[in-house]
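Next come the chains, spelled out residue by residue.
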Amino acid sequence: MPLPYRGRGSRLASSRVASTSVHSPRRAGRGAPWSSHALRLTRRRHSSEQVPPGPEPQADFRSGKWLQEHAGGDARDSQQTARAGMGSRHRICSQEEVVIPCDSDNDSGSVDLQLSNLEDIKKDPSSLELTDSDIFDITGLSQESFIDSFRHLTQQGPVSEANVERLIQSIQEVFNGELQSEFEKLTFLRSLSSLSQTLPYDETTESFIHSHITDIVHVLNMLIEEEPLHSLFSSVRQEVFITIANLSYQDIHLLFGSEDRADLFSLITKSIITLPSVETLIQLQEIMPSGSYNTECLYRQTFQAFSEMLQSLVVKDPHLENLDTIFKQMDPWLQSTKDHERERATASMAQVLKCLSRHLSLKLPLRFQRLGHFVALMALLCGDSVTEVAEEAAEGMHCLLHVTLRLKCTIYDKKNHPNLRRAMKKCQELLELYSIKQFYSCPFKIAQIFEAFLNSNELFQFVMTTLDGLENLKHPCTQKSAGELLITMVKNAESRFEKVPEIMGVICARLSIISQPRVRRQIINTVSLFISRPKYTDIVIGHLLCHPVPYDRHLAELWRTLEVELPSTTWILWRLLRKLQKCHNEPTHEKMAYVAVAATDALYEVFVGNRLQAATFRLFPQLLMTLLIQIHHSIGLTMSDVAVPSGLYTGQEMSSEVTPLCFAIQATKSLLLRTLCWQEFNIMEKNKGWTLLEGKECHLQGVSLLANALLERNHLLAQKVMYLLVPLLNRGNDKHKLTSAGFFVELLQSPVARRLPSIYSIVRLKDWLHHGNRVFKFLALRGLCYLIKHQDMREDIRSLLPCILDLLCETDEKIVLLAIQILLQLVGTMDFTTLTAMMKTLFTLFGDVRSDVHRLSMTLFGASIKSVKYTDKKGVENQVLDSLVPLLLYSQDENDAVAEGKKCQGKVNLLAQTLMFSKNAKLPIRRAAVLFVGLLLKYVDYSELRTKGTDWIENEIISIDLHLQPGFCGHLDLKALLHDPEPSLCIIASQALFRVQKVGAEPDSRQSIPG
């Protein structure tokens, strides 16, 4: 494969000098082993040495005679002719070989730094001021004086004024006409080259060239376009390169400064780089013999001229803007998939860097802003599968290190000198550990060394370029090098990166194309390094959560296989958890944040991978409660209820089976399994706990079931959750608070609950008793039921009696029942006033249609009577009497659990009280009421009954205080009962009515009326 000429000088001082010598002093290094000199790494594949001679040339276009005849010059012109070079065909190939000028061994330093030059740094790093000379000594690269280097290119005898005029005239003719033959083209190019040599001392030449640069660029562009792209049969390309180089040495740049010049640069670069390989060119010559050219020799000379042209552009480049332009042109070719194109580009850049490192004289401002990209690209090429490419890149890296040191020394101010000194010391220490061969053959070691000199923006360039290398599927070795470079740079650069989201975006995009397990592991480890550094944790997590859920297999693998050091695991899991927790503070009427769903799915993947197991155990309480709250928020939602970022699912259809709830449930299940809560998991499975959790009305039942399972099977974890919930109960929105409260209340069954300060237990439950949401009232009462078992807490609970008594009037049966249960525990400790108030309230519950309510209300009423002190019994007599009939009648209820009533003496008021139950919805109570009316008539005071009359018993409406007996109708009509569908009730009503009528018909009679 072709490689470029290694010399620094222009064609004027090298390939245009003819000699019979066939050996280069540096040729001996071709097969030599690795040495301390970087330039010995690369074989000289582009020189014309030892190439079989071509046919005898037909004409000598560059002989002194030709120039004198053409330009009418004198003897001094022969020197100019020598500078212009030999004839193209002699230069291409003749019996005479071309001597390739070379540097002595001492002109190329070793990459090995001289430790002796850093003694001062080791002794006192802060006392050393860095200068350019220090940099040269450290790197071992010799400095050549730019003036001396350039002097041998320009010290030529002047051309006569007449010759100058003739040259200008001949060039002018071309501008006004056309170039037809190869001879005319070569004549024009050589005339322009010869004229360029007069620029230093001839104002006419300078004026002419500057005023006709556009014309020159146009002609050169036309000449290159006329050359075939897939063959090489003329030396026109070579002469174009030589001409541009000669003008560049005179500070006339034809490739920079305007759009047409940039187009010319791009065209000539493409024309040489895209030529077929040397083997193909030779085969073409065999098929179509050119007659006068040796194709291999012509190619080598042409490429050598191209390389020297590039070098001429950086000889005087104090701001590195020319280097920046060259690199932009060569960048795509350095990454070409074709081996021969990549090799040519690499060889050219290696020569440019070598030339630049020798003639470097930097001045601010520096215009080269792509150092990170450049370093990464050359480092990737050092691991290229083509040996020649790797060797060329290695030589280029050697020179690039020198350029980098000089560049950093120039831009660093005095405040940053300590940083530069530390970087140089690190560089020195690393290079002492590696031999030259190791340095060049191991890209990750190159990354170690250059990392110290790259700033944050350059590090970003390096990483992005390295990631681009992962796309090279044709060359697996490039992917391998990219993986090593990436992990090494990220590991060493620590927290100096910028634009981490962009880096994460490219990594996630590249995962799908990386097939090599080792490289894939390195890329995931790179993400692990970023995410484990606190500075980047939230950034990385935030970016990873901006992908479609459920995650594809590549992102799922990333979450599952994170490799993080143990101290960082808790931090990472906590930050991921916080992403989810923050979403629970949002109002429930708004759409669910997409981050909540993505974070839930990410937690599931982390649990499945189990790489953060220690952190999962440590954060179990927070994880469990957060996921239960997420379940509550997700009930009844679909993905259409989630605020999905626009464009996230472009071209993808979301399955209807994918819901926020399914992610939350599977994450909760995996959490229990990964924390060894197998028994709790089985309890949930057997009791349909997951179904309860998913229900809108029964969610808290599922929470209670899980809380009780945890309390029963893992008391220690339950205690941790309880202590966690203490500060969480008043945070977040209503769903957050309800789920937390539901779990917390069940944990109050634990003996440890008595240790909680009252402000976190009794006082909080008191607040819930006054909450507008009935669920909180229910939870408060449930918690009091658990706490009242502790004798030392009863006194505090007694202070809540007024609140509890008020809850007896609630319409929610569960609340009333729990309130009665608590009052049964406290009835023995109540004072008379409280008992009286409670008994009045309980009396209203005797006719409650809810069987459990009126049963327990009677039980509590009876307990209340027993609790009244002897001295206070007279005060409750009326209440007791008023309750006797209801108690007696409810004893006839079909429900055996209803409290038994007491019998009493007959009174007219008892008769009226009994009549209220004749319209009760339950037949046994209606029947007992009518029967009791007939029985009471035996004992009523007839005189009193006559005074009131009997019509109100038979037909009239009786006004009843409905709030006392809300379950009954407000009137009585015994005659109406004669038509009741129940026969037994009709008979009893008939008997009762008969007795009433007898009392009215026989007012003096006191005897009993037979039944």
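Predicted, not measured: the structure shown is a model, and the values here were computed from it.

**Q** How should the overall build of the chain be read in this particular structure?
**A** For the chain, the helix and strand inventory stands at 51 helices and four strands. Put simply, the chain has 1011 residues, and 57% of those count as buried. Restricting the contact set of the chain to residue pairs at least 6 apart, pairs at least 24 apart contribute 77%. Accessible area for the chain stands at about 42,000 Å²; split by element, carbon and sulfur atoms hold 51% of it.

**Q** Help me out: how do you make sense of unusual backbone geometry in this one?
**A** Negative phi is the rule for most residues except glycine; trans is the rule for most peptide bonds. Of the consecutive residues Leu364 and Pro365, the connecting peptide bond is found in the cis state with omega at 0°. When you line up the elements, Pro365 lands in the loop between α16 (339-358) and α17 (371-382). For the bond running from Val549 to Pro550, omega is -5°, close enough to zero to count as cis. If you trace the backbone, Pro550 turns up in the loop between α26 (534-544) and α27 (553-560). The backbone phi angle of Glu494 is positive, close to 55°, even though this residue is not glycine. Among the secondary structure elements, Glu494 is positioned in the loop between α23 (476-493) and α24 (500-510). With relative accessibility at 51%, the residue Glu494 sits in the exposed group. A positive phi angle, near 55°, is found at Lys688, a position not held by glycine.

**Q** Explain the nonpolar core here, please?
**A** Considering soluble globular proteins, one finds that nonpolar side chains tend to be buried as a cluster. Ranked by internal contacts, the top residues of the largest apolar core, which has 264 residues, are Phe188, Met309, Phe497, Ile503, Phe743, Leu781 and Leu784. Tallying contributions element by element places helix α18 (residues 387-411) first for this core, with 11 residues. Ignoring anything within four residues of it in the chain, the contact list for Ile503 reads Phe460, Val463, Met464, Leu467, Phe497, Glu498 and Phe530. Judged by nonpolar contacts, the second largest core, of six residues, contains Val930, Leu985, Ile988 and Ala992.

**Q** Would you mind going over the pattern of salt bridges with me for this structure?
**A** Working definition: two side chains of opposite charge can pair if their charged atoms are close together. Tallied over the full model, the rule gives 26 salt bridges. Measuring nitrogen to oxygen at the nearest pair gives 3.5 Å for the salt bridge that ties Arg510 to Glu471. Residue Arg510 is found in helix α24, and its partner Glu471 is found in the loop between α22 (456-469) and α23; the two are separated by 39 residues along the sequence. Among the residues examined, Arg510 registers a relative accessible area of 12% and is labelled buried. The exposure class of Glu471 is partly exposed, given its relative accessible area of 43%. In this structure, the salt-bridge partner of Arg774 is Glu810, at a minimum N-O distance of 3.7 Å. A residue pair is termed long-range when its members are at least 10 positions apart, and Arg774 in helix α39 (residues 774-787) and Glu810 in the loop between α41 (801-806) and α42 (813-826) qualify at 36 residues. We classify Arg774 as partly exposed; its relative accessible area is 41%.

**Q** Could you clarify how one ought to interpret the packing of α26 against helix α28 (residues 566-583) in this entry?
**A** Each packed pair of helices is defined by two parameters, the angle between the axes and the distance between the axes. Between α26 and α28, the shortest axis-to-axis distance is 10 Å and the interhelical angle comes to 45°. Looking at the two axes, α26 sits oblique to α28. Crossing angle aside, the handedness with which α26 passes α28 is right-handed. Listed contacts from α28 to Pro534, Thr537, Asp538, Ile541 and Gly542 of α26 are Trp571, Ile572, Arg575, Leu576 and Lys579.

**Q** Sorry, what's going on with the environment of Lys789 here?
**A** In this fold, Lys789 is placed in the loop between α39 and α40 (791-798). Exposure remark for Lys789: the relative accessible area of 60% places this residue in the exposed category. A C-alpha to C-alpha distance of 8.8 Å links Lys789 and Gln825, two positions 36 residues apart in sequence.

**Q** Before we go on, may I ask you to explain helix α15 (residues 321-334) in this structure?
**A** An α-helix turns once every 3.6 residues. As a result, residues three or four positions apart point the same way. Taking 1.5 Å per residue, 14 residues should reach 20 Å; α15 reaches 19 Å between its end C-alpha atoms and fits that length. Of all the bends in α15, the largest measures some 30° and sits at Lys328, one to four residues before the proline Pro332. Listed in full, the buried residues belonging to α15 are Asn322, Leu323, Asp324, Ile326, Phe327, Gln329, Met330, Asp331, Trp333 and Leu334. Along its buried surface, α15 packs onto α12 (259-273), α14 (295-314), α16 and α17.

**Q** How should a nonpolar patch on the surface be read in this particular structure?
**A** Taken together, the side chains of Phe617, Leu673, Leu676 and Trp678 make up a nonpolar region of the molecular surface, amounting to roughly 400 Å² of accessible area. Within the element layout of this structure, Leu673 appears in helix α32 (residues 660-674). For Leu673, a relative accessible area of 37% corresponds to the partly exposed category.

**Q** Sorry, what's going on with the side chain of Ser864 here?
**A** Mapped onto the elements, Ser864 comes out in helix α44 (residues 851-867). Take Ser864: its relative accessible area is 0%, and that puts it in the buried class. From its side chain, Ser864 meets the backbone oxygen of Leu860 in a polar contact 2.7 Å long. Excluding residues that lie within four positions of it along the chain, Ser864 makes contacts with Val827, Leu835, Met838, Met839 and Leu842.

**Q** Can you walk me through the environment of Arg190 in this structure?
**A** Within the secondary structure, Arg190 sits in helix α8 (residues 182-196). Residues Arg190 and Ile242, 52 residues apart in the sequence, show an inter-C-alpha distance of 8.8 Å.

**Q** What is the right way to read the packing of aromatic side chains from this model?
**A** Each aromatic ring pair is summarised here by two numbers: the centre-to-centre distance and the angle between the ring planes. Scanning the model with the defined rule gives 14 aromatic pairs in all. Here the aromatic rings of Phe175 and Phe208 are separated by 6.2 Å at their centres, their planes lie at 20°, and the arrangement is stacked. Of this pair, Phe175 sits in helix α7 (residues 161-176) while Phe208 is found in helix α9 (residues 203-211), placing the two residues 33 residues apart along the sequence. The burial state of Phe175 is the same as that of Phe208; both residues are buried. Ring centres of Phe327 and Phe368 lie 6.4 Å apart, and the angle between their planes is 65°; on these two criteria the pair is classed as edge-to-face. Taken together, the positions of Phe327 in helix α15 and Phe368 in the loop between α16 and α17 put the pair 41 residues apart, joining distant regions of the chain. Looking at Phe327, the relative accessible area reads 0%, which means it is buried. According to the relative accessible area criterion, Phe368 is buried, its value standing at 6%. Through a chain of ring-to-ring contacts, the aromatic side chains of Phe241, Tyr299, Phe303 and Phe306 assemble into a single cluster.

**Q** Is there a simple way to think about the confidence of the model for the chain in this case?
**A** Regions with low pLDDT carry predicted coordinates that are not meant to be interpreted in detail. When pLDDT is averaged along the chain, the result is 77; 73% of the residues meet or exceed 70. Ignoring residues within four places in sequence, the model shows residues 1-130, a span with pLDDT below 50, making 344 contacts including any to other chains. The low-confidence segment residues 956-972 (pLDDT under 50) makes 37 contacts with residues lying over four places distant or belonging to another chain.

**Q** In this structure, what is going on with α42? I would like to understand it.
**A** Spanning 14 residues, α42 covers 20 Å between terminal C-alpha atoms, matching the ideal 20 Å at 1.5 Å per step. Three or more residues of α42 are buried, namely Ile815, Val816, Leu817, Leu818, Ala819, Ile820, Ile822, Leu823 and Leu826. The elements touched by buried residues of α42 are α39, α40, α41, α43 (832-843) and α44. At the N-terminal boundary of α42, the capping side chain belongs to Asp812, with an oxygen 2.9 Å from the backbone nitrogen of Lys814.

**Q** Can you help me understand the packing of helix α10 (residues 213-226) against α12 in this one?
**A** Viewed as axis vectors pointing N to C, α10 and α12 meet at an angle of 25°, and their least axial separation amounts to 10 Å. Classified by the angle their axes make, α10 and α12 are roughly parallel. Helix-helix and strand crossings are classified by hand; for α10 and α12 the assignment is left-handed. Residue-level inspection shows Ile213, Thr214, Val217, Leu220, Asn221, Ile224 and Glu225 of α10 in contact with α12, the latter providing Asp260, Arg261, Asp263, Leu264, Leu267, Ile268 and Ser271. Residues of the contact of α10 with α12, tallied by class, amount to seven nonpolar, three polar and four charged.

Reading guide: rules and limits
Residues numbered from 1 in each chain as written. Predicted model: local features only at pLDDT ≥ 70, side-chain atom pairs only at ≥ 80, totals over all residues. Heavy atoms only, no water. Helix = DSSP H or I, 4+ residues; strand = E, 2+ residues; numbered from the N terminus. Buried < 20%, exposed > 50% of the residue type's maximum accessible area, 1.4 Å probe, protein only. Contact = heavy atoms within 4.5 Å. Areas by Shrake-Rupley, 256 points an atom, 1.4 Å probe, with all protein chains shown as cover. Core = buried A, V, L, I, M, F, W, Y, C linked by side-chain atoms within 4.5 Å. Salt bridge = Lys/Arg side-chain N within 4 Å of Asp/Glu carboxyl O. Axes fitted to C-alpha atoms, helices over the stretch in contact; angles between N-to-C directions. Parallel < 35°, antiparallel > 145°, perpendicular 65-115°, else oblique. Left-handed = near helix turned anticlockwise from the far one by under 90°. Expected span 1.5 Å × (residues − 1). Bend = angle between axes of the 7 residues up to and from the residue. Patch = residues over 30% accessible without salt bridge, like charges linked within 9 Å, V, L, I, M, F, W, Y side chains within 5 Å. Polar contact = N/O pair within 3.5 Å; in protein donor to acceptor, adjacent residues only side chain to side chain. Phe/Tyr/Trp six-rings, centres within 6.5 Å; stacked < 30°, edge-to-face > 60°. pLDDT = per-residue confidence, 0-100. Nonpolar A, V, L, I, M, F, W, Y, C, P; charged D, E, K, R; others polar.

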